[in-house]
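If you want the building blocks of each chain, they are given just below.
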Amino acid sequence: MFKTTTPLQRLRESSYTLSDLPDSIRTGDIGEFSQPINKAINTATVDDIAFAIQALGDEADALYRRVSALKQLHDRARRAGAVGTEVAVDAAARFVERRK
């Protein structure tokens, strides 16, 4: 009995790094109601992949900035002497005001 696989399945099985290939991507095209268009990965063009990489990179940058801001908030609250049950923003604001 032969096992039928798709090119996408073969790619995913060929490499650990390709095992996370998504089933679909967000392309650079805009559809109805100004929503980004999702496209099946097995029909995506090289340009579609490039646009998806760019969009994911932008999302990753935004996520990194939020993580960094949260770390700074946490650190400033702790430096102000806050403990786990205190409101972080209040404690961090005290820390900032003490530095003035």
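It should be noted that the structure appears before, not after, this text.
As the structure is a computational prediction, the values presented were derived from the model and not from experiment.

Caption draft 1: A look at helix H3 (residues 88-99). Helix length check: H3, at 12 residues, gives a terminal C-alpha distance of 17 Å against a target of 16 Å (1.5 Å per residue), a fit within 8%. If you check which residues of H3 are buried, you get Ala91, Ala92 and Phe95. An end-on view of H3 places all buried positions within 95° of arc, on one side of the element. Projecting away from the buried face of H3 at angles above 90 degrees are the exposed residues Val89 and Glu97. In this structure, the buried side of H3 is in contact with helix H2 (46-79).

Caption draft 2: Just the nonpolar core, in detail. Within the largest apolar cluster, five residues are counted, these being Ala77, Ala80, Ala82, Ala91 and Phe95. Excluding residues that lie within four positions of it along the chain, Ala77 makes contacts with Ala82, Ala88, Ala91 and Ala92.

Caption draft 3: Examining unusual backbone geometry more closely. Phi at Ser34 takes a positive value of approximately 60°, unusual for a residue other than glycine. Relative to the helices and strands, Ser34 is located in the loop between strand S1 (24-30) and strand S2 (36-40). Classification of Ser34 as exposed rests on a relative accessible area of 59%.

Caption draft 4: Highlighting the pattern of salt bridges. This model, assessed by the stated rule, comprises four salt bridges. Across the pair Lys39 and Asp48 runs a salt bridge, and its minimum N-O distance is 2.7 Å. Arg94 is the salt-bridge partner of Glu86, the closest N and O atoms lying 3.3 Å from each other.

What counts and what doesn't
- Residues numbered from 1 in each chain as written.
- Predicted model: local features only at pLDDT ≥ 70, side-chain atom pairs only at ≥ 80, totals over all residues.
- Heavy atoms only, no water.
- Helix = DSSP H or I, 4+ residues; strand = E, 2+ residues; numbered from the N terminus.
- Expected span 1.5 Å × (residues − 1).
- Buried < 20%, exposed > 50% of the residue type's maximum accessible area, 1.4 Å probe, protein only.
- Arc of directions from axis to C-beta.
- Contact = heavy atoms within 4.5 Å.
- Core = buried A, V, L, I, M, F, W, Y, C linked by side-chain atoms within 4.5 Å.
- Salt bridge = Lys/Arg side-chain N within 4 Å of Asp/Glu carboxyl O.

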